[in-house]
Amino acid sequence: MDDHTRARQFNADLDRLMRGETPDAAGRDASLDTARTLLAADYSAQSRIRHLLRRDLIARMDVQPVARLRASRRRLTTLAGTLAIVILAVLLIPPLRSFAQDIIRQIGQVRITSGPTDAERYVAEQAGELPTATPNATIPPLTPIPQVFVFRHLTPEQASQEAGFAVYVPDYLPEGFVEQSREIWMHTLVSVTTSFDVPGALQSAEDHQNRSITLEQVIFADEYDFAVGDAPTVELTVNGNPGLWVEDAPVAVFGDALVGLNLLFWAQDGFNFQLTSRLPQDEALKIANSLHAIDYTPTPAPDGVPFELVSQRAASTNVGFVLDWLRHPPDGYELLGYTVLPDEPYFSAGVGVYRASDSTDAAGPYLLTFQSRFNTTRTPDTVIGDGAQAVTVRDQPGWWVEGRAYDTSLLPDVDPAAWRFLYWSEGGFEYVLQSNSLGLDALIEVADLLDR
């Protein structure tokens, strides 16, 4: 059996194990031999970042925190406790090299893979060199760290209303921990992220990590790969569901130094969950096993809103593309929900509906966010008409119109002359922010809150 045949046999046997099946008896001995060869091999000398990482981590232990990236490493044990695979650097056989990015375990929609972590790649990039321990052309390039903004502290009921599903909350927290924030992220996924901290002055970056817990409840539109490298992993059960514990994973970066945290992954009731902390496994499991969904009933549309409101995820499905979302509503406003404009032969449009938090008036004040994808070419003047002021929005040319509306059909109780709107095109979409209270400067600030 040549190297390529042995590699294909090894991958096939491992795939069967990942699916809970029995490996092919005919090729088992060859796979065991391959596993033993890998265990005995040491490719660390071929790593381009091994000494670089060690030198920089030691030199930068006192650097103050500047960023936090989600990532991890992994260890894989298979084949009746005998077939232990350790990917160290560059594998010599091409088919096995591709396996270096294969799945360790699939938890719901999340595929835990063995690729290099974002944190490791970030540290290496800052030192001027990307890690190449497991070369793979499909690994995406590093993306810039997103701009930091203040997290909201939504109640479970508010978060459920925005997300469109019941939020899970824990009945148990370790002594001293209190809820610090709860935020919604919407894009090709919908995530509710809740953080818990121990109040008090922080003495160091490590002190911050020791006193922080993050819980994520996520719905993914598609399967999602989460690279965990070579951190030790343990399969376990959470609330009766399969889970995975990842020990001391480099999920954080302070300065250019990696910081290890513990990750607990599991899926239940159609959601993926991730708990990130420095807690030991038994304490993390206590929190996870205490989770329950709050009682949630979607809030009906208020007076003055004569149409059904749905979640961003449902509206995206109806309109045929993923709607952008505001990272948070403008001050004094709350999200009521989303709707889709009636079917038209030439465009698809989704609308976010916001109203002043203290208002019970059918006339608002309101903020409407329109995102349209037109199926035929048209010029902006068919939208904005005469009397528009040229402005710049998100570094794009735009127009400001006062005294009339982009759309008057959605909220007929509002005086048409009270409307004003901001229009621009970006990324193949047309955007309109329409309000009967917010002015030009305020709407330009709202536009900057859009997350694509």
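Since the model is a prediction, treat every value here as computed from it, not as a measurement. (Residues numbered from 1 in each chain as written. Predicted model: local features only at pLDDT ≥ 70, side-chain atom pairs only at ≥ 80, totals over all residues. Heavy atoms only, no water.)

Moving on: the side chain of S160. By the element assignment, S160 lies in helix α6 (residues 156–163). On the accessibility criterion, S160 (0% relative accessible area) is buried. Not counting residues up to four positions away in its chain, the partners in contact with S160 are F165, A166, V167, I294 and Y296. (Helix = DSSP H or I, 4+ residues; strand = E, 2+ residues; numbered from the N terminus. Buried < 20%, exposed > 50% of the residue type's maximum accessible area, 1.4 Å probe, protein only. Contact = heavy atoms within 4.5 Å.)

On to the side chain of N436. As for its placement among the helices and strands, N436 is situated in the loop between β22 (429–435) and α11 (440–448). Judged by relative accessible area, N436 falls into the buried class, the value being 16%. Here A363 takes part through its backbone oxygen, which lies 2.8 Å from a polar atom of the side chain of N436. A polar contact of 2.8 Å, which involves the side chain of N436, links it to the backbone nitrogen of Y366. Beyond its immediate stretch of four places on either side in the chain, N436 contacts A363, P365, Y366, V414, A418, W419 and R420. (Polar contact = N/O pair within 3.5 Å; in protein donor to acceptor, adjacent residues only side chain to side chain.)

Together, D331, D395, D441, E445 and D448 make up a negatively charged patch on the protein surface. With respect to the helices and strands, the residue D331 is situated in the loop between β15 (325–326) and β16 (333–340). (Patch = residues over 30% accessible without salt bridge, like charges linked within 9 Å, V, L, I, M, F, W, Y side chains within 5 Å. Areas by Shrake-Rupley, 256 points an atom, 1.4 Å probe, with all protein chains shown as cover. Salt bridge = Lys/Arg side-chain N within 4 Å of Asp/Glu carboxyl O. Lys, Arg positive; Asp, Glu negative; His and termini not counted. Charge placed at Lys NZ, Arg CZ, Asp CG, Glu CD.)

For any part of a model where pLDDT is low, the fine detail of the predicted coordinates should not be relied upon. Chain-level pLDDT for the chain is 75 on average; 71% of the residues reach the 70-or-more range. Throughout residues 43–100 the model reports pLDDT below 50, and contacts reaching past four residues in sequence, or to other chains, amount to 166 contacts. (pLDDT = per-residue confidence, 0-100.)

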